[in-house]
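Remarks on the overall topology
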Amino acid sequence: RRAALVAVTKSDPFASDSTKSAADSTRECKQLLKTMILGVKTVVWSVSNSRMQPHPLAGVQAMKGMSEEECLLVARLVKNGLPCFVIYGTGPDASPGEEKEVLDYFAGVFTVLDLRNFKQVFELQMPTLYERVRANSSMLTILQHFLANSNVSRPFAEILLSLLVGKLPELSAAPEAEAATLLRLFKLVFGSITLFPENEPVLRPHLATIVTSALRYASASPSPAHYYSLLRALFKSIGGGKFESLYKEFLPLLPSLLPGLIHAHARARTRALREVLLELCLTLPARLSALLPFLHLLMEPVRHALRASSEQVGLALRTLEFWVDHLHPDFLQPRMGPHMRHLMAALTRQLRPQPYPYGPTALRVLGKLGGRNRTELHTRPPFEVAPSVSSGAPLPTAGGHSLGVGVDSGGVPPARLYLELRPAAGGAVAPTASE
């Protein structure tokens, strides 16, 4: 036995040799591993498709796929094969491109399995695969390959999502890198539903659990941003009007979800978190008809979003314009009425010249509101003016820009001039200059 072991060692091309450098050995090992993976794929495909036809008199139908023992062997291949790829991401010759390529090859080994066998293998090895991904984010390539493959995307998404939902409580206490990996896995599953609409039933049984659990854990967590980021990824993925069954599952959640988000916005301490919550309120995955009973609640997020960052302003303007286009004025006006003063003030703040991108949209929304856009003009504070002029008084425009015109000040100090809007006879509004 000892002599045989010595003979094998001498014939091993990767055994230590003074004439062979470590880099050469690593390079040869990488090439051998890649060659083995391509060969294993052929073996797995052959075994999976080589069921022997039984004798016609036996009365037993041929079953496609592997036997139980063969599935366990493939599951061992997953478990024992994953550690081998560390060699591609370490050392001086580490190449992310080569690592991704060989991981794609390895994932391709299992896409040739029968769906029944595929589920058996990864129901056993999904915890192992998750731990490998958590330790090395490069392993995400394998999951991306499965979720983007039309043959195995749905069964793999089912297995992975079941695992991820069980790990929701860990999202707040996990280290930042691990929480980011968990969020990315959720986004990959949600993205597969967008890529393959037939994957919609995968998310349906978990939708309520994800939404309610995220809100519950966020309310009790000192760092709730990860949970709200999860909801934002979910809303973006299933928005757009393509997933009717998911919208039906979402409807019973609205009465508690929307007030919860508004309350969280009122308690949020950072601007970034407040803007995420505003985005969640304005991107709820529901039809407009389902949101009608909650329209009075949505006016407040719209009002706050019009005073937030550029992205939130654009979202608020699109939302408000959509309501004005599709809802009857007699229905919309009573719900806008209590907020009209703040909405008009926020809209007029957006009336700025180029290169500001939202001025034309704000002007278009004001035009579509018709006479309603003038009901609160009498409450607008006077415009500020520049402290000095040369040939005439500067008339300020919304947004703080002054427009010099040839108006004689009549000896009045320019600093005392301002533009005042007052109702004229017949309900019209006329601008007058006064001291």
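As a reminder, the structure under discussion sits directly above these lines.
Small disclaimer: the values here were computed from a predicted structure and weren't measured. (Residues numbered from 1 in each chain as written. Predicted model: local features only at pLDDT ≥ 70, side-chain atom pairs only at ≥ 80, totals over all residues. Heavy atoms only, no water.)

**With respect to the overall build of the chain**
Scanning the chain from N- to C-terminus turns up 20 helices and four strands. By residue count, 41% of the 435 residues in the chain fall in the buried class. For the chain, the proportion of contacts with a sequence separation of at least 24, taken over those separated by at least 6, is 65%. Only carbon and sulfur atoms are counted for the fraction: they give 58% of the accessible area of the chain, which is about 23100 Å². (Helix = DSSP H or I, 4+ residues; strand = E, 2+ residues; numbered from the N terminus. Buried < 20%, exposed > 50% of the residue type's maximum accessible area, 1.4 Å probe, protein only. Contact = heavy atoms within 4.5 Å. Areas by Shrake-Rupley, 256 points an atom, 1.4 Å probe, with all protein chains shown as cover.)

**With respect to the packing of aromatic side chains**
To describe a pair of aromatic rings, one takes the distance between the centres and the angle between the planes. Summed over the entire model, instances satisfying the criterion amount to 14 aromatic pairs. Between F122 and F146, the aromatic rings sit 5.0 Å apart at their centres with planes inclined by 70°, giving edge-to-face as the arrangement. Of this pair, F122 sits in helix α6 (residues 115–135) while F146 is found in helix α7 (residues 140–147), placing the two residues 24 residues apart along the sequence. Like F122, the residue F146 is buried in the burial classification. (Phe/Tyr/Trp six-rings, centres within 6.5 Å; stacked < 30°, edge-to-face > 60°.)

**Here we look at the packing of helix α13 (residues 254–267) against helix α16 (residues 295–305)**
Viewed as axis vectors pointing N to C, α13 and α16 meet at an angle of 35°, and their least axial separation amounts to 10 Å. Between α13 and α16 the crossing geometry is left-handed. Contact with α13, carried on its side by L258, P259, I262 and H265, involves L297, L298, E300, P301 and H304 of α16 and no other residues of that element. Looking at the contact of α13 with α16, its residues break down into six nonpolar, two polar and one charged. (Axes fitted to C-alpha atoms, helices over the stretch in contact; angles between N-to-C directions. Left-handed = near helix turned anticlockwise from the far one by under 90°. Nonpolar A, V, L, I, M, F, W, Y, C, P; charged D, E, K, R; others polar.)

**Here we look at the state of the cysteines**
Counting across every chain of the model gives zero disulfides. Free of any disulfide, C29 has its nearest neighbouring cysteine sulfur in C84, separated by 8.1 Å. (Disulfide = S-S within 2.5 Å.)

**Quick notes on the nonpolar core**
Counting 119 residues, the largest nonpolar core has F110, F122, F156, Y228, L284 and W323 as the members making the most contacts within it. For this core, the element with the highest residue contribution is helix α9 (residues 176–195), accounting for nine residues. Dropping the residues within four chain positions of it, W323 is found in contact with L288, L295, L298, M299, V302 and L332. (Core = buried A, V, L, I, M, F, W, Y, C linked by side-chain atoms within 4.5 Å.)

**As for the pattern of salt bridges**
In the structure shown here, the tally under the stated rule is 16 salt bridges. Its salt-bridge partner being R154, residue E158 comes within 3.7 Å of it at the nearest N-O pair. Pair noted here: E158 and R154 are both in helix α8 (residues 153–166), with a separation of four residues, about one helical turn. On the basis of relative accessible area, E158 is assigned to the partly exposed category, the value being 28%. The class of R154 is partly exposed, set by a relative accessible area of 37%. Beyond isolated ion pairs, a larger network of salt bridges with shared partners links E321, D325, R364 and K368. (Salt bridge = Lys/Arg side-chain N within 4 Å of Asp/Glu carboxyl O.)

**Focus: unusual backbone geometry**
Of note, the amide linkage connecting Q354 to P355 takes the cis form, showing an omega dihedral of 15°. Note on placement: P355 falls in the loop between α19 (340–349) and α20 (359–369).

**Structural notes on helix α17 (residues 310–326)**
A rise of 1.5 Å per residue sets the reference length of α17, with its 17 residues, at 24 Å; its end C-alpha atoms lie 25 Å apart and thus fit the reference within 8%. Of the positions making up α17, those classed as buried are Q312, V313, G314, L315, A316, L317, T319, L320, E321, W323 and V324. Contacts from the buried residues of α17 go to α14 (271–282), α15 (288–291), α16, α18 (329–336), α19 and α20. (Expected span 1.5 Å × (residues − 1).)

**Comments concerning the packing of α6 against α9**
Packing of α6 against α9 brings their axes to within 9 Å, and their N-to-C directions diverge by 125°. Here α6 is positioned oblique relative to α9, judged by the angle of their axes. Helix-helix and strand crossings are classified by hand; for α6 and α9 the assignment is right-handed. The segment α6 lies against α9, with Y130, V133 and R134 engaging E178, T181, L182 and L185. (Parallel < 35°, antiparallel > 145°, perpendicular 65-115°, else oblique.)

**So, the environment of L295**
Within the secondary structure, L295 is located in helix α16. Classification of L295 by relative accessible area gives buried; the value is 0%. With 40 residues separating them in the primary sequence, L295 and R335 have C-alpha atoms 7.0 Å apart. In this structure, L295 is in contact with W323, L327, F331, L332 and R335, ignoring residues within four places of it in sequence.

**A few points about the side chain of E321**
Relative to the elements of secondary structure, E321 occurs in helix α17. We classify E321 as buried; its relative accessible area is 12%. In contact with E321, other than residues within four places in its own chain, are T361, R364, V365 and K368.

**Concerning the environment of M66**
Position of M66 among the secondary structure elements: in the loop between α2 (22–48) and α3 (68–81). With 22 residues separating them in the primary sequence, M66 and V44 have C-alpha atoms 9.2 Å apart. Apart from the residues lying within four places of it in its own chain, the contact partners of M66 are V44, V47, S48, C71, V74, L113, R116 and N117.

**Overview of α20**
When α20 is considered as a whole, its buried residues turn out to be G359, T361, A362, V365, L366 and L369. Projected down its long axis, α20 shows its buried positions confined to an angular sector of 165°, all on one face. Projecting away from the buried face of α20 at angles above 90 degrees are the exposed residues L363 and G367. If you follow the buried residues of α20, they end up packed against α17, α18 and α19. Looking one or two residues beyond α20, the residue adopting positive phi is G370, at roughly 65°. (Arc of directions from axis to C-beta.)

**Quick look at the environment of R287**
Within the element layout of this structure, R287 appears in the loop between α14 and α15. On a C-alpha basis, the gap between R287 and G240 in space is 9.4 Å, while along the polypeptide they are 47 residues apart. For R287, the residues in contact, after removing those within four places along its chain, are G241, E244 and Y247.

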